[in-house]
Amino acid sequence: QVQLVESGGGLVQAGGSLRLSCAASGRTFSSYHMGWFRQAPGKEREFVAYISRSGGSTLYADSVRGRFTISRDNAKNTVDLQMNSLKHEDTAVYYCATKSGQWAVAAPDLYDYWGQGTQVTVSS
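Figured I'd write up the structure that's included with this text.

The rules behind these values
- Residues numbered from 1 in each chain as written.
- Predicted model: local features only at pLDDT ≥ 70, side-chain atom pairs only at ≥ 80, totals over all residues.
- Heavy atoms only, no water.
- Salt bridge = Lys/Arg side-chain N within 4 Å of Asp/Glu carboxyl O.
- Helix = DSSP H or I, 4+ residues; strand = E, 2+ residues; numbered from the N terminus.
- Buried < 20%, exposed > 50% of the residue type's maximum accessible area, 1.4 Å probe, protein only.
- Contact = heavy atoms within 4.5 Å.
- Core = buried A, V, L, I, M, F, W, Y, C linked by side-chain atoms within 4.5 Å.

Quick look at the pattern of salt bridges
Thought 1: Across all of its chains, the model carries 5 salt bridges by this definition.
Thought 2: With its nearest N and O atoms 3.3 Å apart, the salt bridge here joins Arg-19 to Asp-80. Of the two residues, Arg-19 is situated in strand β3 (residues 18–24) and Asp-80 in strand β8 (residues 78–83); the sequence distance between them amounts to 61 residues.
Thought 3: Look at Arg-19 and you get partly exposed, because its relative accessible area is 42%.
Thought 4: Taking the shortest distance from any N to any O, the salt bridge between Arg-38 and Glu-46 comes out at 2.6 Å.
Thought 5: On the basis of relative accessibility, which here comes to 5%, the residue Arg-38 falls in the buried class.
Thought 6: The class of Glu-46 is partly exposed, set by a relative accessible area of 35%.
Thought 7: One network of salt bridges, with partners in common, ties together Arg-38, Glu-46, Arg-67 and Asp-90.

Notes on the environment of Gly-9
Thought 1: Here Gly-9 is to be found in the loop between β1 (4–7) and β2 (10–13).
Thought 2: Assessed through its relative accessible area of 33%, Gly-9 is described here as partly exposed.
Thought 3: Excluding residues that lie within four positions of it along the chain, Gly-9 makes contacts with Leu-20, Thr-118, Gln-119 and Val-120.

A few points about the nonpolar core
Thought 1: Within the largest apolar cluster, 35 residues are counted, with the highest numbers of intra-cluster contacts made by Trp-36, Leu-81, Met-83 and Tyr-94.
Thought 2: No other element matches strand β5 (residues 46–51), which puts 5 residues into this core.
Thought 3: Look past the residues within four positions of Met-83 in its chain and what remains in contact with it is Gly-16, Ser-17, Leu-18, Leu-20, Arg-67, Phe-68, Tyr-94 and Val-120.

Take a look at the structure:
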């Protein structure tokens, strides 16, 4: 079992930056692919970014490509999401999650373990 704890959320003005971090417990972190998702009030949870076990492969939602960067440190059991040029529409609760397989990486139902989420609010 893996436990995930997100941190780094907060209130930021449009155009600003935030760095989210997800800390994982357990010795098997490096065996999981990782994803970041977000959920705004009244909306479904949506894919944001994905990183493979080794960190060699990444994928981004069209809405964040070029502004967000996902990275991981398997020695520290962490996966980060650097968010730049934030927009009001980026406001949501952000979640990290683990995935065993390297397919359908944008589908939240195929992720195994989830953190509790961290709130990101971007003021316009």
